[in-house]
2 protein chains.
Amino acid sequence: MSANEESGSPTLTARGAATRSRIVNAAADLIYAHGVDRTSLDEVMAKAGVSKSQLYHYFADKDALVLEVIALQTERVLGAQQPHLGALDSFRALQLWRDALIQLNASARAKGCPLGSLASELANDSESARKRLAAGFEIWGDCIERGLTKMRERGALAASANPHELAVALLSAVQGGLLLSKTTQTSRPLEISIDMAIAHIARHMSSKSERSSRSQKRR
Amino acid sequence: MSANEESGSPTLTARGAATRSRIVNAAADLIYAHGVDRTSLDEVMAKAGVSKSQLYHYFADKDALVLEVIALQTERVLGAQQPHLGALDSFRALQLWRDALIQLNASARAKGCPLGSLASELANDSESARKRLAAGFEIWGDCIERGLTKMRERGALAASANPHELAVALLSAVQGGLLLSKTTQTSRPLEISIDMAIAHIARHMSSKSERSSRSQKRR
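Described below are features of the structure shown in this document. Note that this is a predicted model, so its numbers are computed, not measured.

## Thoughts on the overall build of chain A
Along the backbone of chain A there are 10 helices and 0 strands. Counting helices and strands in the order they occur from the N terminus, chain A gives α-α-α-α-α-α-α-α-α-α. Projecting the C-alpha coordinates of chain A onto the three principal axes gives extents of approximately 70 × 40 × 30 Å. Across the 219 residues in chain A, those meeting the buried criterion constitute 50%. Long-range contacts, defined here as pairs at least 24 residues apart, represent 68% of the contacts in chain A between residues at least 6 apart. Taken as a whole, chain A presents about 10000 Å² of accessible surface, with 51% of it coming from carbon and sulfur. Where the 28 positive side-chain charges of chain A centre and where its 23 negative ones centre are 10 Å apart.

Next comes the structure, spelled out in structure tokens:
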């Protein structure tokens, strides 16, 4: 490790940024597998291949590292749902996103949502972590809401539909489904729960859009 | 503490049973507030007012104690929802139960579901804990399912309604809503999410029951 990397300058060198990112990634993986409290800084150092002085160069303490893990997991969770999450503006897009989420959950062997698990573990004990997790869920909910708002503007959803509340309902269903799937080690709870939330959105179809959907089904 | 209490006999004396129960209750409260890993056996002993030898008389190790905490929290969580949970056999009963859940969440200052928090923390790391938590959720789901099955038998729900899947959907909504409420420290996500699940059940009303509900509304 170069002297430059440990110089403490506010601008990280490329190599410094890579080391920092390696630490956060290692911590995120370990914490996803075992939780914050079952992950020691020694394990993070070993997995990232960094020394104690390197770790403390970038992070004042474990809490500071955990806040960065929350930021990284927010990016990862939202990124893994792309391109679907960025354009949830039709029932077909919602269905494709649903299929992608179920596939992601299966690939992760139903180990739960990285953000949901962090929220469950940290929200009661750390106000800074709770706020950052709430912000992560808000970004997630906003992505869904933007798609539903477009559907309402286009007349696919009725003018009376509330995109914000529908997005909160859908995100709750995803979180609850992921938790029950993690606990039962089957994907059914997630499937059942997202299907409920999408059917709930479909109840807010505009009558014009319903007529056209029915005539499409008849064809 | 009497010699009798520490005799290791398979039948607990009344005093032994009370001590054992005091330990599990203390552990359940601490774990609900801070999680399994942030709760030490020393804290449990202090809160329960027992010595190390008393604690180890009743529990081989922390894992054994945690399994008892899961059993106790299952009882507590289901008990707190009574009398509603035992008779969820009408839309009015579902509404009263919904109101009770929202009240319980507010009284607990939205600290999350004791079972959901344990599941999130333990399911990936302890197979014995995961199975016991899955069994707890199954009992909960079965209570809901029994009520919905009665509604279907009575013709309030259509013959095509699937009480098992509707119960899983409702329980997922409750879990997701409780988690988002805990993270945002507002009760809205829980309200929105249970309301979605009850509206979802209402979509499976039998046409006979729908007509009578409409005529009631007109009166």
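The discussion continues.
## Thoughts on the relation of the copies chain B and chain A
Expressed as a screw transformation, the operator carrying chain B onto chain A has a rotation angle of 180° and an axial translation of 0.0 Å, and the superposed copies differ by an RMSD of 0.0 Å. Seen this way, the second copy is the image of the first under a two-fold rotation axis. When C-alpha positions in chain B are compared against the rotation axis, the closest is assigned to G176 of chain B, at 1.8 Å. Of all interface residues in chain B, 100% are interface residues in chain A too; the two copies therefore contact each other through one and the same surface.

## Observations regarding the packing of helix α5 (residues 91-107) of chain B against helix α8 (residues 163-184) of chain B
Residues and elements named next belong to chain B. At a minimum axis distance of 12 Å, the contact between α5 and α8 shows a crossing angle of 25°. Classified by the angle between their axes, α5 and α8 sit roughly parallel to one another. As for how α5 packs across α8, the hand of that crossing is right-handed. Facing L94, W97, L101 and N105 of α5, the residues of α8 in contact are L170, V174, L178 and S181. Of the residues in the contact of α5 with α8, the class split is 6 nonpolar, 2 polar and no charged.

## Some words on the interface of chain B and chain A
Taken together, the contact between chain B and chain A spans 43 residues of the former and 43 residues of the latter. With both sides pooled, the region where chain B packs onto chain A buries about 3800 Å², and carbon together with sulfur makes up 61% of that total. Counting every contact that joins chain B to chain A gives 6 salt bridges. In this structure, R38 of chain A and D37 of chain B form a salt bridge, with 2.5 Å as the shortest nitrogen-oxygen distance. Inspection of the region where chain B meets chain A yields 12 residue pairs in polar contact (both at pLDDT 80 or more). Looking at the side of chain B that touches chain A, the elements with two or more residues in it are α1 (14-34), α6 (114-122), α7 (127-153), α8 and α9 (188-202) of chain B. Among the elements that take part in the side of chain B that touches chain A, α8 of chain B stands out by supplying 14 residues, more than any other. Class assignment for the residues of the side of chain B that touches chain A results in 20 nonpolar, 14 polar and 9 charged.

## Topic: the nonpolar core
The biggest cluster of nonpolar side chains holds 128 residues, and the ones touching the most others in it are W97, W140 and I144 of chain A together with W97, W140 and I144 of chain B. Once you skip the residues sitting within four places of it in the chain, W97 of chain B turns out to touch Q81, H84, L85, L88, W140, I144, L170 and V174 of chain B.

## Some details on the packing of aromatic side chains
Residue and element names in this part refer to chain B. With the rule as written, the count across this model stands at 2 aromatic pairs over all chains. Measuring from centroid to centroid gives 6.3 Å for F137 and W140, while their planes differ by 25°, and the two rings are stacked. A residue pair is termed a helical-turn pair when its members lie 3 or 4 positions apart in one helix, as F137 and W140 do in helix α7 at 3 residues. Its relative accessible area of 4% is what places F137 among the buried residues.

## A word on the state of the cysteines
Residue and element names in this part refer to chain A. Applying the stated criterion to the full structure yields 0 disulfides over all chains. The structure places no disulfide on C113, whose sulfur is separated from the nearest cysteine sulfur, that of C143, by 13 Å. Assessed through its relative accessible area of 6%, C113 is described here as buried.

## Structural notes on unusual backbone geometry
Trans peptide bonds make up most of the peptide bonds, and negative phi angles are found at most residues other than glycine. Across the junction of Q82 of chain A and P83 of chain A, the peptide omega takes the value 5°, indicating a cis bond. Residue placement: P83 of chain A occurs in the loop between α4 (62-80) and α5 (91-107). Even without being glycine, A110 of chain B reaches a positive phi, approximately 50°. Tracing the backbone shows A110 of chain B in the loop between α5 and α6. Positioned with a positive phi, Q185 of chain B is a non-glycine residue whose angle comes to about 55°. With respect to the helices and strands, the residue Q185 of chain B is situated in the loop between α8 and α9.

## Here's the deal with the pattern of salt bridges
Inspection of the entire model under this criterion finds 20 salt bridges over all chains. Among the salt bridges present, the one from R76 of chain A reaches D29 of chain A, with a minimum N-O distance of 3.0 Å. Pair noted here: R76 of chain A is in helix α4 and D29 of chain A is in helix α1 (residues 14-34), with a separation of 47 residues, a long-range link. The exposure class assigned to R76 of chain A is partly exposed, which follows from its relative accessible area of 28%. With relative accessibility at 35%, the residue D29 of chain A sits in the partly exposed group. Notably, a salt bridge pairs R38 of chain A with D125 of chain B, separated by 3.7 Å at the nearest N-O pair. Taken together, the residues span two chains, with R38 of chain A in the loop between α1 and α2 (41-48) and D125 of chain B in the loop between α6 and α7. Through salt bridges with shared partners, one network takes in R20, E68 and R132 of chain A.

## A look at the packing of helix α6 (residues 114-122) of chain A against α8 of chain B
Two elements in contact, α6 of chain A and α8 of chain B, have axes whose closest approach is 10 Å; the angle formed by their N-to-C orientations is 60°. Comparing their axes, α8 of chain B and α6 of chain A come out oblique. Two packed elements cross with a definite hand, and for α6 of chain A against α8 of chain B that hand is left-handed. For the pair α6 of chain A and α8 of chain B, contact is made by G116, A119 and S120 of chain A and by L179, K182 and T183 of chain B, respectively. For the contact of α6 of chain A with α8 of chain B, the residue count by class is 2 nonpolar, 3 polar and 1 charged.

Definitions and cut-offs
Residues numbered from 1 in each chain as written. Chains lettered and ligands numbered in written order. Predicted model: local features only at pLDDT ≥ 70, side-chain atom pairs only at ≥ 80, totals over all residues. Heavy atoms only, no water. Helix = DSSP H or I, 4+ residues; strand = E, 2+ residues; numbered from the N terminus. Buried < 20%, exposed > 50% of the residue type's maximum accessible area, 1.4 Å probe, protein only. Contact = heavy atoms within 4.5 Å. Areas by Shrake-Rupley, 256 points an atom, 1.4 Å probe, with all protein chains shown as cover. Lys, Arg positive; Asp, Glu negative; His and termini not counted. Charge placed at Lys NZ, Arg CZ, Asp CG, Glu CD. Least-squares fit on C-alpha atoms with pLDDT ≥ 70 in both. Axes fitted to C-alpha atoms, helices over the stretch in contact; angles between N-to-C directions. Parallel < 35°, antiparallel > 145°, perpendicular 65-115°, else oblique. Left-handed = near helix turned anticlockwise from the far one by under 90°. Nonpolar A, V, L, I, M, F, W, Y, C, P; charged D, E, K, R; others polar. Buried area = accessible area lost by both parts, 1.4 Å probe. Salt bridge = Lys/Arg side-chain N within 4 Å of Asp/Glu carboxyl O. Polar contact = N/O pair within 3.5 Å; in protein donor to acceptor, adjacent residues only side chain to side chain. Core = buried A, V, L, I, M, F, W, Y, C linked by side-chain atoms within 4.5 Å. Phe/Tyr/Trp six-rings, centres within 6.5 Å; stacked < 30°, edge-to-face > 60°. Disulfide = S-S within 2.5 Å.

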